[in-house]
Amino acid sequence: MYINGVIELRYVKLPKENTYEFLERLKEWGVLYAPVKISEKFYDFREIDDVRKIEFKYNRTIMPPKKFFFLPKEKIFEFSISKAEYNEVIENVEPFIVFGVHACDIFGLKIMDTIYLDELPDKYYKVRREKGIIIGISCVPDEYCFCNLRETDFADDGFDLFLHELPDGWLVRVGTPKGHRIVDKNIKLFEEVTTQDVCEFREFENKKHQMFKYHEDWGNLRYLLEMEMEHPMWDEQSELCLACGNCNLTCPTCRCYEVQDIPNLDGDTGVRIRRWDSCQLRSHGLVAGNHNFRPTKKSRFMNRYLCKNSYNEKLGISYCVGCGRCTYFCPAEISFVENLRTILGVKDNSCPPEVAEEMPKRGFAYSSSMGGEE
């Protein structure tokens, strides 16, 4: 609702005993997706038939919720060479709900919005954002989480509803007009928020803050990364890297894609598709003339660190939201956060002795070991 032209959040309580009925009723608004356990260790967002299979206390999903809006692979248009024409293919997207989105992933979607919904919006992304309903849920960090350092551990907006865990239910923040309509249509399932609920909400958030493994100031990190391009960490860690692209595919803010034209057997017609790409693959920097502007595994490794820690001016945060996926799902067990802490100067190997009498020039422009082919 609006008070004096300013949006005012609405707060209601969903008692625990009404949770599953509420989830069933959400299906009236579209196809319901939510986190489910798919193996001993892993979770993922899947379409929900039985709401009792939804996992409320998961740590992270394999794929981020961006997959519902920026598809891993999609057809852009069909073409005919003989007719010299093409026809755009924009599928009829049915309404859907993504339930159980953590705050860091909501920030991930907000970052994606600044890219794909800018002054020239991507129509394929836009239609899905308009059809999608986002319902967030509170969480507690594990040893891989560092969203507190990225200031993405609490979402002010970017959701239709956000559920905060209480001992006997959920404190629900209503964030959009659509969220209001969902609550109003199911108002008998909700109660008013009491003073005790507010106290328990406050206690939960305070305990959550204390549970984070890291409590540091990362404000100058992006500058240190640029000044420490000759740090031995880059050689050591890039050597471990398998260049598989797992870190990109599981990242909630990686947005690179490649475009391919796929001809049909008639040699005349075909389709153009786009699919997710990874800056860790050699083909990512390959251009005409067989030139590659990131020819080595080290150069691609460094690029990802610089990209994720660059600054999104529209949101005032970095492009990394601290979800921990890139470390958790890395088959080489490379710790993104520990490497950043090395550059930040909080580890024993942060300031190694110089290998030459004269200190080398610092910075990306002076990096001496990024050339060559690999």
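Residues numbered from 1 in each chain as written. Predicted model: local features only at pLDDT ≥ 70, side-chain atom pairs only at ≥ 80, totals over all residues. Heavy atoms only, no water.

## Things to note about the overall build of the protein
Part 1 of the argument: Counting secondary structure elements, the protein contains 12 helices and 17 strands.
Part 2 of the argument: Against the compact-globule benchmark of 21 Å for 374 residues, the protein has a radius of gyration of 23 Å, which places it among compact chains.
Part 3 of the argument: Over its C-alpha atoms, taken along the principal directions, the protein stretches across nearly 70 × 65 × 50 Å.
Part 4 of the argument: Residues counted as buried form 50% of the 374 residues belonging to the protein.
Part 5 of the argument: Across the protein, the fraction of contacts at a sequence separation of at least 24, relative to all contacts at a separation of at least 6, is 73%. (Helix = DSSP H or I, 4+ residues; strand = E, 2+ residues; numbered from the N terminus. Rg over C-alpha atoms; globule rule 2.2 N^0.38 Å. Buried < 20%, exposed > 50% of the residue type's maximum accessible area, 1.4 Å probe, protein only. Contact = heavy atoms within 4.5 Å.)

## Section: helix H2 (residues 103–116)
Part 1 of the argument: Spanning 14 residues, H2 covers 20 Å between terminal C-alpha atoms, matching the ideal 20 Å at 1.5 Å per step.
Part 2 of the argument: Burial of H2 is extensive: 13 of the 14 residues sit out of reach of the surface. (Expected span 1.5 Å × (residues − 1).)

## Regarding the sheet that holds strand S12 (residues 257–263)
Part 1 of the argument: Spatially, S7-S6-S13-S12 is the arrangement adopted by the four strands of the open sheet, whose pairing is antiparallel. Lying at the two open borders of the sheet, with one neighbouring strand each, are strand S7 (85–88) and S12. The sheet shows a mean angle of 25° between the axes of neighbouring strands, direction not considered.
Part 2 of the argument: Across seven bridges, the pairing between strand S6 (residues 73–80) and strand S13 (residues 269–276) is antiparallel. From the neighbouring strand, Ser80 faces S13, where its bridge partner is Thr269. (Pairing = 2+ DSSP bridges. Axes fitted to C-alpha atoms, helices over the stretch in contact; angles between N-to-C directions.)

## Description of the environment of Ile334
Part 1 of the argument: Note on placement: Ile334 falls in the loop between helix H11 (325–328) and helix H12 (336–344).
Part 2 of the argument: When the C-alpha atoms of Ile334 and Cys145 are compared, they prove to be 15 Å apart, with 189 residues separating the residues in sequence.

## Describing helix H8 (residues 232–240)
Part 1 of the argument: Considered for burial, the residues of H8 that qualify are Met233, Trp234, Gln237 and Ser238. All buried residues of H8 project into a common sector of 110° when viewed along the axis, lining one side.
Part 2 of the argument: Buried residues belonging to H8 abut helix H7 (221–227), helix H10 (297–308) and H12. (Arc of directions from axis to C-beta.)

## Remarks on the nonpolar core
Part 1 of the argument: Phe69, Val98, Ile106 and Ile134 are the most contacted members of the largest nonpolar core, which totals 33 residues.
Part 2 of the argument: Sorting the residues of this core by element identifies strand S5 (43–47), strand S8 (96–101), H2 and helix H3 (123–131) as the ones contributing at least two each.
Part 3 of the argument: Among the elements that make up this core, the one with the highest residue count is H2 (eight residues).
Part 4 of the argument: With 26 residues, the next largest nonpolar core counts Leu14, Leu23, Val174 and Leu189 among its residues. (Core = buried A, V, L, I, M, F, W, Y, C linked by side-chain atoms within 4.5 Å.)

## A closer look at the sheet that holds S5
Part 1 of the argument: Pairing in this open sheet of seven strands is mixed, and the strands run S3-S11-S10-S9-S8-S4-S5 from one edge to the other. Strands at the two margins of the open sheet, each flanked by one partner only, are strand S3 (10–15) and S5. In this sheet, adjacent strand axes meet at a mean angle of 25° when their direction is disregarded.
Part 2 of the argument: Strand direction decides the pairing type here: strand S10 (residues 161–166) and strand S11 (residues 169–174), joined by six bridges, are antiparallel. The residue of S11 that forms the bridge with Leu163 is Val172.
Part 3 of the argument: In this fold helix H6 (residues 195–211) packs onto S3, S10 and S11, with an angle of close to 90° to the strand it touches most, S10.

## So, the domain arrangement of the protein
Part 1 of the argument: For the protein, the domain assignment lists domain 1 (2–70 + 87–211) and domain 2 (221–257 + 279–363).
Part 2 of the argument: Each of domain 1 and domain 2 was reduced to a C-alpha centroid, and the two centroids are 30 Å apart.
Part 3 of the argument: Every contact between the two is made by 28 residues of domain 1 and, on the other side, 30 residues of domain 2.
Part 4 of the argument: Interface area for domain 1 against domain 2, summed over the two sides, is near 2,500 Å², with a carbon-plus-sulfur share of 64%.
Part 5 of the argument: Three residues, Ile111, Phe146 and Arg150, lead the burial of domain 1 against domain 2; their summed loss comes to 26% of the area buried on that side.
Part 6 of the argument: Taken together, domain 1 and domain 2 are joined by one salt bridge.
Part 7 of the argument: The residue Arg325 makes a salt bridge to Asp105 at a minimum N-O spacing of 2.8 Å. (Domains from an automatic or database assignment. Buried area = accessible area lost by both parts, 1.4 Å probe. Salt bridge = Lys/Arg side-chain N within 4 Å of Asp/Glu carboxyl O.)

## Some details on the side chain of Thr327
Part 1 of the argument: Mapped onto the elements, Thr327 comes out in helix H11.
Part 2 of the argument: Those residues in contact with Thr327 that sit more than four places away from it in its chain are Tyr144, Ile334, Ser335, Phe336 and Val337.

## Quick notes on the packing of H10 against H12
Part 1 of the argument: Two elements in contact, H10 and H12, have axes separated by 12 Å at closest approach and are oriented at 80°. Between H10 and H12, the angle falls in the class roughly perpendicular. Contacts between H10 and H12 pair Phe301, Arg304, Tyr305 and Lys308 from the former with Phe336, Asn339 and Leu340 from the latter. (Parallel < 35°, antiparallel > 145°, perpendicular 65-115°, else oblique.)

## Quick notes on the confidence of the model for the protein
Part 1 of the argument: Here the protein averages 91 in pLDDT, and 91% of its residues register 70 or above.
Part 2 of the argument: Scored below 50 in pLDDT, residues 355–368 shows 22 contacts in the model against residues more than four places distant or in partner chains. (pLDDT = per-residue confidence, 0-100.)

## Quick word on unusual backbone geometry
Part 1 of the argument: Phi angles above zero are rare outside glycine, and Glu151 is one such case at about 60°.
Part 2 of the argument: One can find Glu151 in the loop between helix H4 (147–150) and S10.
Part 3 of the argument: The exposure class of Glu151 is exposed, given its relative accessible area of 58%.
Part 4 of the argument: One non-glycine residue, Ala243, lies in the positive phi region at around 55°.

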